Amino acid sequence: MIERHIGGSFVARGLYLLLSLQFGFAHGAHADFTVTGSVVDGNGNPIAQAQVVYQPPPGSAGASAITVFADAQGEFAFPQAFSGTPGASLPLVSRALGYEYRTQARSGSNQSRPQVTLLMDRVVNQAAVAPASAWLRQRIPERQQQSQFVMDCIDCHQVPAPEVRDYAAAIADMHAPDPAVARTQSWQMIVQYMNRLSAWEFSRGSRKADTPPQPDAVYSVNNEDAVAARLADRFGDRLEAIEGYAWGAPLAVTPQTAIYEYAVPEPNAVREAVLLGGRALWVADVATNRMYEIDIASGRQKIHEAPVDVPIGPHSLHRAADGGLWVTPLFNNVLSRINPASGEWRTWMVRDERGRGAGIHDLSFGHDHELLTDASGRIWFSDIGNNGVGYLDPKTGRTELFAAPPVPGRENEPAMLYGLIMNKARNQIWYSQLGIGAIGGFDIDRQQFFEPIALPDPNSGPRRITIDDADVMYVALYGGGQLLEFDLNTRRIIGAHDLPDTASAPYTATWDPVRKVVWIGTANGDVIYRFDPKTKGFQVLPLPRTRAFLRMIDIDRATGVLVTSYANIVELVQGPRMAVIIDPGDNVYPQRFAPNGETRQ
Amino acid sequence: MKPTFLERTLLGATLMAVAATAAADAALAERKFCFSCHHATETGLGPSFQAIAARHGARRAQMAPVLAYKIQHGGGGNWGVVPMVPSQNVSEADATALARWILGL
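Keep in mind that what you see is a predicted model, and the values were worked out from it rather than measured. (Residues numbered from 1 in each chain as written. Chains lettered and ligands numbered in written order. Predicted model: local features only at pLDDT ≥ 70, side-chain atom pairs only at ≥ 80, totals over all residues. Heavy atoms only, no water.)

Trainee: How should I be thinking about the overall build of chain B in this particular structure?
Mentor: Each helix and strand in chain B was counted, giving five helices and zero strands. The helix and strand sequence of chain B, counted from the amino end, reads α-α-α-α-α. Relative to its full complement of 105 residues, chain B shows a buried share of 44%. Intrachain contacts of chain B at a sequence separation of at least 6 include 50% that bridge at least 24 residues. (Helix = DSSP H or I, 4+ residues; strand = E, 2+ residues; numbered from the N terminus. Buried < 20%, exposed > 50% of the residue type's maximum accessible area, 1.4 Å probe, protein only. Contact = heavy atoms within 4.5 Å.)

Structure follows, in structure tokens:
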């Protein structure tokens, strides 16, 4: 059930409370059952670390799917009870790279504690579980070509997503006099078509309904012929099978790891998600003026409509120390703050004294992944529209914009000033420039930029960034498939670390202030990586879904669960649109997450 | 090379070329991104709507469901060597309306 919620009226809140209470009552009236079991192959051998996915019937309370991992003996247990009476067959499947799920068998006669054996067979073709990156890194292994390809195509969709593979198969089926020419023509057609869709998507908020999209909108491919030629060369067959892929590092999972996925009603273009109060998932919908609020226990959803006439496209979410949630716009210069308790919005048109509007991407994050303001309370932002940084003083509404210095040799490409963090002393902000492979900083007191740092590969694609409690900055290199470690104190690069899969298109890096690790979300790899700065080693947390096109990762301060989203944002892209909560199952944080919203000590 | 976007002009030409009652379908074709590849009278990435109507218009009743299927599921081999992209966002009803409209041009 969805209710439209504008400005947090007492009536709406009262209704919500009433419905929640009713739902809670109905929920409690059902019998509950727990599910345990094991995952084995045809010889009865355990399949350690296999994923076990429980997908409750439609209309059930809570998450749309819950995933746990088998232990070394192949045994698994779900952390919570499910409501209702278990049927003869449970909505369970198992997933593991190189295996296919076959069937389930029940043992034991206890109705409230069914035990299930899941049978999987070993298979050579890993297509059912392998991520798009598995194909990409095999087909385009040269690193510079790989990074360029990621930068050209994966802003909008995975490559090769199932649709891309289907199209490769359709081309291979053509009876053409010269198959090589046919391949090139076909892929040229696709690239032009993609540019058209991209221009449409990214000009939504800046054009009138009867105006055609502008072809030079951001994220269009401007070297069409080269991209098409490479596709024709490397994706020249049916792309049906993938063999020999491995996650590339130890799995960061335990038998207590649990992944909760929440579908958001479509149509939507779900972007980032945060968990507030241990119970409410707030999700940005970049296609509209809306935020969704999902109650994790009941799965009930509320819509919060921004009180503006223009589509702002809620994009990046920033928790603030005062409990507020700041929302940046994809489409224009309307910055918002929502009070999650009351649902009330405040909005600012961010313009400087000359009337120039800012194209805000991120606000400055501190080391605990909250909004960090400077000593005067000013909110600093990355200005992707003007390739600069700026601030809004929320008390006075005053804004100043500062243009970033050019990066030598890279003056002619759109710089796309993107991620933003603030140092501990709150007198410096640091940014990434996605379009030209550079990073840079700004001294707030002196109002001066530091000399920018160009990374060797202009297509390395520095994207979302994070900072630890000792002023070390970590940058997800989207194109390059690396994690950059940079010391703000010395202004030197500590290292650029190859991810276990360099074709995974790492979108985001988030410092975990309690575990003292960096979590890296990928757009093309269906995984989250965990980086330990002490050992410089990676671990892998595989997600239970293909096309898991990840955006920002937030970390719940009380329980340490990771909160993220599958954000297949372009309307015509197929794939899940979900908010996701991940309990790493390591019991490091003082409180334990509970999917009924009642965190425990 | 950047693509040339003539949708606006071509949409206008299409609208002028057909009866006022068909305007909704030209608008539907625009909404469903048909004009990315097809134009009213000129060959684009795919054949022009006029060419499709000229080839199949005489057998409209038989060909409308065939073209509707192709709009939804894609395919190739009939107009050259470039397969058509499937459009999973187009419903069967919309695909049928679009096919009938194209064949009536």
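Trainee: Honestly, the overall build of chain A in this entry has me stumped. Any pointers?
Mentor: A tally of helices and strands in chain A yields six helices and 39 strands. Across the 601 residues in chain A, those meeting the buried criterion constitute 61%. Contacts spanning at least 24 positions in sequence make up 57% of the contacts within chain A whose residues lie at least 6 apart.

Trainee: Sorry, what's going on with the sheet that holds strand E30 (residues 472–477) of chain A here?
Mentor: Strand pairing in a sheet relies on backbone hydrogen bonds. The paired strands run either parallel or antiparallel. Residues and elements named next belong to chain A. As summarised here, the arrangement of the four strands in space is E29-E30-E31-E32, forming an open sheet in which the pairing is antiparallel. Lying at the two open borders of the sheet, with one neighbouring strand each, are strand E29 (462–467) and strand E32 (492–498). The sheet shows a mean angle of 20° between the axes of neighbouring strands, taken without regard to direction. Relative to strand E31 (residues 482–487), E30 is paired through six bridges, and the arrangement is antiparallel. Its bridge partner being in E31, Val475 is matched across the sheet by Leu484. (Pairing = 2+ DSSP bridges. Axes fitted to C-alpha atoms, helices over the stretch in contact; angles between N-to-C directions.)

Trainee: Please explain unusual backbone geometry as it appears in this structure.
Mentor: Outside of glycine, negative phi angles account for most residues, and trans bonds account for most peptide bonds. Residue and element names in this part refer to chain A. Geometrically, the link from Val159 to Pro160 is a cis peptide bond, its omega value of -5° lying close to zero. Summarising the element assignment, Pro160 is placed in the loop between helix H3 (143–153) and helix H4 (162–172). Here Met416, not a glycine, exhibits a phi torsion of approximately 55°, which is positive. Within the secondary structure layout, Met416 lies in the loop between strand E23 (399–403) and strand E24 (417–422).

Trainee: Even after reading the chapter, I still don't get the pattern of salt bridges, so can you show me in this structure?
Mentor: If charged atoms from side chains of opposite charge come close, those side chains can pair. All names here are of chain A. One pass over the full model with this rule turns up 33 salt bridges over all chains. Among the salt bridges present, the one from Arg463 reaches Asp155, with a minimum N-O distance of 2.8 Å. Placement of the pair is Arg463 in strand E29 and Asp155 in the loop between H3 and H4, with a sequence separation of 308 residues. Taking the relative accessible area as the measure of exposure, Asp155 reaches 8% and is therefore buried. The residue Glu370 makes a salt bridge to Arg557 at a minimum N-O spacing of 2.9 Å. With Glu370 in the loop between strand E20 (360–363) and strand E21 (379–383) and Arg557 in the loop between strand E37 (554–555) and strand E38 (562–567), the pair connects residues that are 187 residues apart, well separated along the chain. (Salt bridge = Lys/Arg side-chain N within 4 Å of Asp/Glu carboxyl O.)

Trainee: How do you make sense of the environment of A:Leu275 when you look at a structure like this?
Mentor: Summarising the element assignment, A:Leu275 is placed in strand E12 (residues 270–276). Residue contacts for A:Leu275: discarding those within four places in its chain leaves A:Ala280, A:Leu281, A:Ile296, A:Asp556, A:Val561, A:Val563, A:Ile581 and A:Phe593.

Trainee: Got a minute to help me understand empty space enclosed by the protein in this structure?
Mentor: Empty space among the atoms becomes apparent when a probe as large as a water molecule is rolled across them. Counted under the stated rule, the structure contains three cavities of 30 Å³ or more. The space that makes up the largest cavity amounts to roughly 60 Å³. Residue composition of the lining of the largest cavity, grouped by class: four nonpolar, three polar and four charged. (1 Å grid on protein atoms, 1.4 Å probe; cavity = no way out; pocket = protein on both sides within 12 Å on 5 of 7 lines; lining within 4 Å. Points joined across faces, edges and corners; volume = space filled by probe spheres on them. Nonpolar A, V, L, I, M, F, W, Y, C, P; charged D, E, K, R; others polar.)

Trainee: In this structure, what is going on with the nonpolar core? I would like to understand it.
Mentor: Considering soluble globular proteins, one finds that nonpolar side chains tend to be buried as a cluster. Residues and elements named next belong to chain A. Among the nonpolar cores identified, the biggest contains 82 residues, and Phe149, Ile154, Trp187, Phe235, Tyr478, Leu483 and Ile528 are the most heavily contacted of them. Looking at which element gives the most residues to this core, the answer is helix H5 (residues 179–202), with seven residues. Formed jointly, this core draws a minimum of three residues from each of two domains, domain 2 (132–234) and domain 3 (259–583). Each residue touching Phe149, except ones within four places of it in the same chain, is listed here: Leu136, Ile140, Ile154, Val159, Val227, Arg230, Leu231 and Phe235. Residues Ala63, Met120, Tyr260 and Ile581 belong to the second largest nonpolar core, which totals 39 residues. (Core = buried A, V, L, I, M, F, W, Y, C linked by side-chain atoms within 4.5 Å. Domains from an automatic or database assignment.)

Trainee: Where do I start with the pairing of strand E25 (residues 428–433) of chain A in this structure?
Mentor: Consecutive side chains of a regular strand alternate in pointing toward one face of the sheet and then the other. Residue and element names in this part refer to chain A. Within E25, six of the six residues are buried, leaving the element largely enclosed by the surrounding structure. As judged from the four bridges shared by E24 and E25, these two strands associate in the antiparallel manner. Across the sheet, Met422 pairs through a bridge with Ile429, a residue of E25. Counting the residues between successive antiparallel strands, the hairpin from E24 to E25 contains five residues, one of them, Arg426, with a positive phi of roughly 60°. Bridging between E25 and strand E26 (residues 438–443) involves six bridges; their strand directions are antiparallel. Bridged to Gln433 within E26 is Ala438. With antiparallel pairing between neighbouring strands as the criterion, E25 and E26 make up a hairpin whose turn holds four residues, including Gly437 at a positive phi of roughly 65°.

Trainee: How should the packing of helix H3 (residues 49–56) of chain B against helix H5 (residues 92–103) of chain B be read in this particular structure?
Mentor: The relative placement of two packed helices comes down to the angle between their axes together with the axis-to-axis distance. Residue and element names in this part refer to chain B. Contact geometry for H3 and H5: axes closest at 8 Å, N-to-C directions at 80°. Taken as axis vectors, H3 and H5 run roughly perpendicular relative to one another. Along its contact with H3, which presents Phe49, Ile52, Ala53 and His56, the element H5 presents Trp101, Ile102 and Leu103. The residue inventory of the contact of H3 with H5, partitioned by class, reads six nonpolar, one polar and no charged. (Parallel < 35°, antiparallel > 145°, perpendicular 65-115°, else oblique.)

Trainee: Looking at this structure, I do not really get the packing of aromatic side chains. What am I missing?
Mentor: Any pair of aromatic rings gets described here by the distance separating the centres and the angle formed by the planes. Residue and element names in this part refer to chain A. In total, this model carries 26 aromatic pairs over all chains according to the counting rule given. Here the aromatic rings of Tyr245 and Trp247 are separated by 5.9 Å at their centres, their planes lie at 85°, and the arrangement is edge-to-face. Using a relative accessible area of 13% as the deciding quantity, one classes Trp247 as buried. Arranged with centres 6.0 Å apart and planes meeting at 0°, the rings of Tyr474 and Trp511 form a pair that is stacked. (Phe/Tyr/Trp six-rings, centres within 6.5 Å; stacked < 30°, edge-to-face > 60°.)

Trainee: Just to check I follow, could you spell out H5(B) for this structure?
Mentor: It helps to recall that an α-helix has 3.6 residues per turn; residues three or four apart then point in one direction. A rise of 1.5 Å per residue sets the reference length of H5(B), with its twelve residues, at 16 Å; its end C-alpha atoms lie 16 Å apart and thus fit the reference within 8%. Listing the buried residues of H5(B) in full gives B:Ala95, B:Leu98, B:Ala99, B:Trp101, B:Ile102 and B:Leu103. (Expected span 1.5 Å × (residues − 1).)

Trainee: Please explain the confidence of the model for chain A as it appears in this structure.
Mentor: A low pLDDT means the predicted coordinates there should not be read in detail. Overall, the predicted model of chain A reaches an average pLDDT of 90, with 92% of residues at or above 70. For the stretch residues 1–29 of chain A, pLDDT sits under 50, and the model shows 43 contacts to residues farther than four places along the chain or on other chains. (pLDDT = per-residue confidence, 0-100.)

Trainee: Can you walk me through the packing of H3(A) against helix H6 (residues 224–234) of chain A in this structure?
Mentor: Residues and elements named next belong to chain A. Across the interface, H3 lies against H6 with an axial gap of 11 Å and an inter-helix angle of 115°. Once H3 is placed against H6, the crossing between them reads as left-handed. Contacts from Gln145, Gln148, Phe149, Asp152 and Cys153 in H3 reach Val227, Arg230, Leu231 and Arg234 in H6. Taken together, the residues of the contact of H3 with H6 break down into four nonpolar, two polar and three charged. (Left-handed = near helix turned anticlockwise from the far one by under 90°.)

Trainee: Can you help me understand the sheet that holds strand E17 (residues 325–329) of chain A in this one?
Mentor: All names here are of chain A. Read from one edge to the other, the open sheet built from four strands follows the order E16-E17-E18-E19, with strand pairing classed as antiparallel. At either margin of the open sheet sits one strand with a lone partner, and together these are strand E16 (314–319) and strand E19 (344–349). Ignoring strand direction, the axes of neighbouring strands in this sheet form an average angle of 25°.

Trainee: So what exactly am I meant to see when it comes to the confidence of the model for chain B here?
Mentor: Residue and element names in this part refer to chain B. The share of residues in chain B with pLDDT of 70 or more is 77%, and the mean pLDDT across the chain is 79. Within chain B, the element-level pLDDT minimum falls on helix H1 (residues 7–17), averaging 41, and the maximum on H3, averaging 96. In the predicted structure, residues 1–23 sits below a pLDDT of 50 and forms 34 contacts with residues beyond four places in sequence or in another chain.

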